[in-house]
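# Observations on chain architecture
Residue-level listing of the chains:
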Amino acid sequence: MEFERKKQSLLLEGVRYTVDDLHLLKAKAGGEQDASSIQMLFDFLQEWFADSPFMIVHTSGSTGEPKKIMVGKDKMMQSARLTCEFLNLQAGDAALLCMNLRYIGAMMVVVRSLVAGLNLIVRPASGHPLSDINEPLKFAAMVPLQVYNTLHTPEEKEQLMQTEILIIGGGAVDEALEAEIKSLPIAVYSTYGMTETLSHIALRRLNGNSASDHYYPFSSVRLSLSSEGTLVIDAPLVCDKILQTNDIARIYPDGSFIILGRKDNVINSGGIKIQAEEVEKLLRPFILVPFVITSVPDPRLGQAVTLLLEGRLDMEELKNKMQEILPPYHRPKHIRTVDLIPQTGNGKINRVECRALAEMLL
């Protein structure tokens with residue numbers, strides 16, 4: 001692996017570009033029919049090869065205002081090394097970049113390619129990233145929506161089955177999607193991490209003999225719980241500071257862990273603390289349209305559980321089902337239909353906008 005940035009080169013669809021060849025990449029962007037993805041790659045590489053040891057990364061804004069943070073390029077390379085070693089990615093292996101290079105998940109696909117010499121295959125960030133891929137891939141990274149769309153398009157699913165390793169990040173893999181993944185003949189992992197950890201610090205195998213409900217951290221990562229039950233991450237190779245997350249977790253004796261939900265998404269309704277994600281998990285088998293559990297202020301309860309639905313359902317049938325499966329305090333006090341569930345730029349539910357929308361609809 002190459003950790004000296006000035007000596008790195010990018011193998012892009014079989015053509016090698018050094019730091020001195022970036023002008024050729026820019027020319028390639030100018031000549032492409034859909035040049036935006038190549039242009040973004042050029043812009044990223046320009047910043048990567050600049051003298052500064054740091055670069056700016058944007059957070060997704062799924063639970064608050066998006067923000068810019070400064071991260072060390074040396075830390076990004078260490079993160080790339082951890083993933084490449086864990087997945088045994090080798091020089092020349094074909095790796096697909098199909099996510100938005102504004103965010104850390106896509107950036108790290110490029111950094112892994114630079115460090116390990118992977119052959120980068122670039123496609124625009126879209127809901128159907130394999131629609132025009134005609135070659136086997138060693139490695140791909142996608143968000144859940146891309147995986148869902150791929151599995152429901154026969155020719156794209158066939159192409160996915162020619163991919164050896166798929167990692168899924170940027171959002172939770174729900175039970176229905178995980179059930180579909182279990183039958184795939186390739187290695188599929190859900191990732192755990194965030195912008196501050198420079199992509200993931202733990203992986204969970206979703207299929208095969210190693211499938212598990214638990215995330216397993218890299219060996220250099222140390223985990224603990226705060227007094228509030230939230231995960232605390234000590235990952236010195238990728239993060240200078242100990243990171244206090246908002247993710248409520250359970251850690252097991254073997255070092256693995258599960259995520260129960262986010263502290264931000266705890267709804268305190270009449271003194272009962274309700275984890276929004278756990279209610280969503282119970283409802284997911286019965287609500288076949290996009291939805292989210294959020295809350296609105298309530299003079300009596302403090303916060304009232306609220307269900308936002310993208311589309312119309314039989315409300316009487318839905319209420320009867322919720323009576324069966326949810327404890328009284330967990331049942332939504334308000335149900336509202338919306339045109340679209342608010343999302344962030346990288347496909348996560350925007351919880352802040354959902355709360356604001358729910359309040360507006362009361």
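Description of the structure in this document. (Residues numbered from 1 in each chain as written. Predicted model: local features only at pLDDT ≥ 70, side-chain atom pairs only at ≥ 80, totals over all residues. Heavy atoms only, no water.)

Now for the overall build of the protein. Within the protein one finds ten helices and 20 strands. A burial count over the protein gives 50% of its 362 residues as buried. Look at the contacts in the protein between residues 6 or more apart in sequence, and 58% of them connect residues 24 or more apart. Accessible surface, the protein: about 17100 Å² in total, of which carbon and sulfur atoms supply 50%. Side-chain charges in the protein split into 37 positive and 44 negative, and the spacing between the mean points of these groups amounts to 5 Å. (Helix = DSSP H or I, 4+ residues; strand = E, 2+ residues; numbered from the N terminus. Buried < 20%, exposed > 50% of the residue type's maximum accessible area, 1.4 Å probe, protein only. Contact = heavy atoms within 4.5 Å. Areas by Shrake-Rupley, 256 points an atom, 1.4 Å probe, with all protein chains shown as cover. Lys, Arg positive; Asp, Glu negative; His and termini not counted. Charge placed at Lys NZ, Arg CZ, Asp CG, Glu CD.)

On to the pairing of strand S16 (residues 266-269), then. If a strand is regular, its side chains alternate between the two faces of the sheet. Every second residue of S16 is oriented toward a common face, the buried set being Ile267 and Ser269 and the non-buried set Val266 and Asn268. As paired elements, S16 and strand S17 (residues 272-275) share four bridges and run antiparallel to each other. Within S17, the position partnered with Ser269 by the bridge is Ile272. In this antiparallel pair of consecutive strands, S16 and S17, the connection spans two residues, and Gly270 shows a positive phi of 65 degrees. (Pairing = 2+ DSSP bridges.)

Now for the packing of aromatic side chains. Evaluated as defined, the whole model comprises six aromatic pairs. Here the aromatic residues Phe86, Tyr189 and Phe218 are joined through ring pairs into a cluster of three or more. One cation-aromatic arrangement involves Arg204 over Tyr215; the distance from NZ or CZ to the ring centre is 5.5 Å. For the cation-ring pair, Arg205 lies above Tyr189, with the distance from its terminal atom to the ring centre recorded as 5.4 Å. (Phe/Tyr/Trp six-rings, centres within 6.5 Å; stacked < 30°, edge-to-face > 60°. Lys NZ or Arg CZ within 6 Å of the ring centre and 35° of its normal.)

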